[in-house]
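# Residue-level structure breakdown
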Amino acid sequence: MEPPGPISSESAVSHRAWIVPLAFSAVAIASGCGREAAGPGPASQGAAAGLEAAGRWAEAAAAHRAAALAAGPERGDESARKAMAAYVMANRAEDAERFAAECLERDPRYHEVLFYLGDAQRVMMRHEAARATLERLLALEPGHRKGAFALAHVLARLGKHAEAAPLLERLLADEALAAEQRSFAAIELARSLKRLGRPREAADRLAQILEAEPFNAVALSEAAQVFLLLGKGDLAKALRAEHAWLFERGHLLSTEDASKEYRTGPGEADEARLALQAADRREVLRATGALEDLVARRPGDVTVRTALARLWLRLHRYGDVLRVAGSGPPAARAWPDLLAVEAEALASLGSAEAGNAWLEASRRAGGEAAARELGVDRVLEIHLGAGRALLEEEAGLPAAEECFARAERIAPGDWRPPCGAGRLHIARGEAARALELFAESRRRAGGEGSGPAELRRWTATARGLQGDLRFAAREIMDLVRSGPGDLESFEAFERVFGSRAEEPEVARVLEMKRALEEKLAERDRLARAFSEKPLRDSAPECLALANLLLAQGPRETALELFFLAAELDPGGAEALRLAAGALAAPREAFQRLNVLRRLLGAAPGDPWVLERLVRAYLELDLRLDEAERLAGVLAASTPAGEGERLLGEVRARRGR
């Protein structure tokens, strides 16, 4: 796969369920997906599926062809679709054409086979032949939407954008066009408009898609290219970053060659990935519901169970973490990755069992199977997390030492195991030995500067305990200034300077520590209150926690909770209003528009929403026609007010 970045207009393609509407994959066919016609019997279907599974596509096509011709157009349509798919997989264009001719000879009204043929020719990149076939189809059935889109796609690949564009515009004018199909057609139109030297129109089309689907990977990529052409470099850069983020999580759609996969829907292996992608889009109820369903159907699948538990943990739903972690079969409950997530939830609840759970996770992660299944990085995180947690317990030092030793064995070159061991020696009052280990950590981390924040903090602590107070004060206070919400830096300060609490400078820092502890205690209180309520009844607690996290962090979790609160209370607008205000980064421009459009849909005349939408369009310098319409609505409802001024500004911008 290509590295993340804008997809070229020539290679990026619409979603396979629309751009490849014949859409029967080897996977789907072999598993019996899709509507089965009454014609071919189970034996012939099974034989064809077996041929497909063996990769014998030409023979499979022949079997489907025979079944389709025997059943006739109405009863054999499914077999005809499968036959065309198999011909494409076998790269047998001539046989596909002969099969279409046979079908039409038997029933000249069976126009659908022309679509199957034309799209098969398109997939095989026989574009001139595909054009002729699809034009014939549209002459017989002018309203054939899939055929019109396939023809526009072919025309664009032939470089005939002046012909493709009006075809796509007519298609988009059809109010019956499904939302998903509309997006893909609009993306294809934007590509053609860009090729025709009309980048502003292309940008407006893409902006309209992105405000409805802010996480549409293909639209983001295309928009980044077009906005760069329009001189919107900062916005283009931000959208490239958003695209890369989605790419890393598997959101990227297919290339033209990938259309040969012919998938009609997610396979079982894809379900968890798609659910987590819904969480990336902040569709929390959809994501958790899908994962809960998967866990119920596949109770022994530790990967899915852990993914669900981790998502609940991220949302501060600690009770749900414990439910998911504790309800599986014994092998699943003993999985070290799941045990570690359970341990984090227990720690967040202040449970005395957290240390034992961490220790058990580390012990079970010590075998070769765990390293092979989870990877060295995750196993290292488990050992280090267990060691750090056990350091906080009075009787936990021997167990912490055991965890850090495992971490050293699995990652002997990493800086974190000796840093953890150094912390252990500080807990034992052995600051000199700790400094030796911190020096080794610094060497492993690259030896440049003071190293990572954790290493800086503990080195300063050790040196302070050894009497170098000037160094300790300088380092720790620098960490406090750069991370005022990091309690560990304040704790390091108190560890070194707590005996001097009567000194004004020390007292001031300790007072800051107490204020931060109060804030964190309030956050923990709200998180536990939210976790204890049944999810469907927890909208007020969810919103309160989101508000607090917006101020204290992490910001991404705050946004997730705002959207979850909006899902839990669809009639309330406060959560979405707060989310709209929080979505201020350049890469979130279309996410913000999406939220504002949702609010406008619920309250079409809301002046607050109208004003912010108009300002957003002006700031982006996009969709100014829509901005003028909305400013007109605002001006009509607030005469001689801000609406009139905004309307004048939009009209001046449009008339430039």
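Let me sum up the structure you'll find in this document. (Residues numbered from 1 in each chain as written. Predicted model: local features only at pLDDT ≥ 70, side-chain atom pairs only at ≥ 80, totals over all residues. Heavy atoms only, no water.)

## As for the overall build of the chain
Across its full length, the chain carries 37 helices and zero strands. In the chain, which comprises 656 residues, the share counted as buried stands at 51%. Restricting to contacts in the chain with at least 6 residues of sequence separation, those with at least 24 account for 59%. (Helix = DSSP H or I, 4+ residues; strand = E, 2+ residues; numbered from the N terminus. Buried < 20%, exposed > 50% of the residue type's maximum accessible area, 1.4 Å probe, protein only. Contact = heavy atoms within 4.5 Å.)

## Observations concerning the pattern of salt bridges
Opposite charge on two side chains makes pairing possible when the charged atoms of those side chains draw close. Scanning the model with the defined rule gives 70 salt bridges in all. Between Arg587 and Glu242 there is a salt bridge, and its shortest N-O distance comes to 2.7 Å. You can see Arg587 sitting in the loop between helix H33 (574–582) and helix H34 (589–602) and its partner Glu242 sitting in helix H14 (residues 233–248), a full 345 residues away along the chain. Assessed through its relative accessible area of 29%, Arg587 is described here as partly exposed. Salt-bridge contacts for Glu642 lead to Arg615; the nearest nitrogen and oxygen are separated by 2.4 Å. Here Glu642 is found in helix H37 (residues 642–654), whereas its partner Arg615 is found in helix H35 (residues 607–620), with 27 residues between them in sequence. (Salt bridge = Lys/Arg side-chain N within 4 Å of Asp/Glu carboxyl O.)

## Observations regarding the packing of H33 against H34
One can describe the packing of H33 onto H34 by two numbers: an axis separation of 9 Å at closest approach and a directional angle of 155°. Classified by the interaxial angle, the pair formed by H33 and H34 is roughly antiparallel. As H33 packs across H34, the resulting crossing turns out to be left-handed. Facing H33, whose interface residues are Leu576, Arg577 and Ala580, H34 presents Arg592, Val595, Leu596, Arg598 and Leu599. The residue inventory of the contact of H33 with H34, partitioned by class, reads five nonpolar, no polar and three charged. (Axes fitted to C-alpha atoms, helices over the stretch in contact; angles between N-to-C directions. Parallel < 35°, antiparallel > 145°, perpendicular 65-115°, else oblique. Left-handed = near helix turned anticlockwise from the far one by under 90°. Nonpolar A, V, L, I, M, F, W, Y, C, P; charged D, E, K, R; others polar.)

## Here's the deal with the side chain of Gln121
Locating Gln121 in the fold gives a position in helix H7 (residues 112–123). A relative accessible area of 3% places Gln121 in the buried class. Leave out the neighbours within four places in its chain, and Gln121 touches Glu97, Arg126, Ala129, Ala130 and Thr133.

## Observations concerning the packing of aromatic side chains
Considering all chains together, one arrives at four aromatic pairs under this definition. The cationic tip of Arg317 hangs over the ring face of Phe530; the distance from NZ or CZ to the ring centre is 4.9 Å. We note Arg463 situated over the ring of Phe471; from NZ or CZ to the ring centre the distance is 3.6 Å. (Phe/Tyr/Trp six-rings, centres within 6.5 Å; stacked < 30°, edge-to-face > 60°. Lys NZ or Arg CZ within 6 Å of the ring centre and 35° of its normal.)

## Focus on the nonpolar core
Ranked by size, the top nonpolar core spans 144 residues in total, and within it Phe99, Phe227, Leu239, Leu561, Leu564 and Phe590 carry the most contacts. The element best represented in this core is helix H32 (residues 555–568), accounting for nine residues. The residues contacting Leu564, other than those within four sequence positions of it, are Val284, Leu285, Phe530, Leu535 and Cys542. Ranked by size, the runner-up nonpolar core spans 26 residues in total, among them Leu359, Ala370, Leu391 and Leu424. (Core = buried A, V, L, I, M, F, W, Y, C linked by side-chain atoms within 4.5 Å.)

## What to know about unusual backbone geometry
Here Gly553 and Pro554 are connected by a cis peptide whose omega angle stands at 0°. With respect to the helices and strands, Pro554 occurs in the loop between helix H31 (539–552) and H32. Here Arg282, not a glycine, exhibits a phi torsion of approximately 65°, which is positive. Along the polypeptide, Arg282 turns up in the loop between helix H15 (268–280) and helix H16 (284–297).

## What about the packing of helix H9 (residues 145–157) against helix H11 (residues 179–195)?
Where H9 meets H11, the closest approach of the two axes is 11 Å, and the angle between their N-to-C directions is 25°. By the angle between their directions, the pair H9 and H11 is classed as roughly parallel. The handedness of the crossing between H9 and H11 is left-handed. In this structure, H9 uses Phe149, His153, Ala156 and Arg157 to contact H11, whose residues at the interface are Phe184, Ala185, Glu188, Arg191 and Ser192. A class-by-class count of the residues in the contact of H9 with H11 yields four nonpolar, two polar and three charged.

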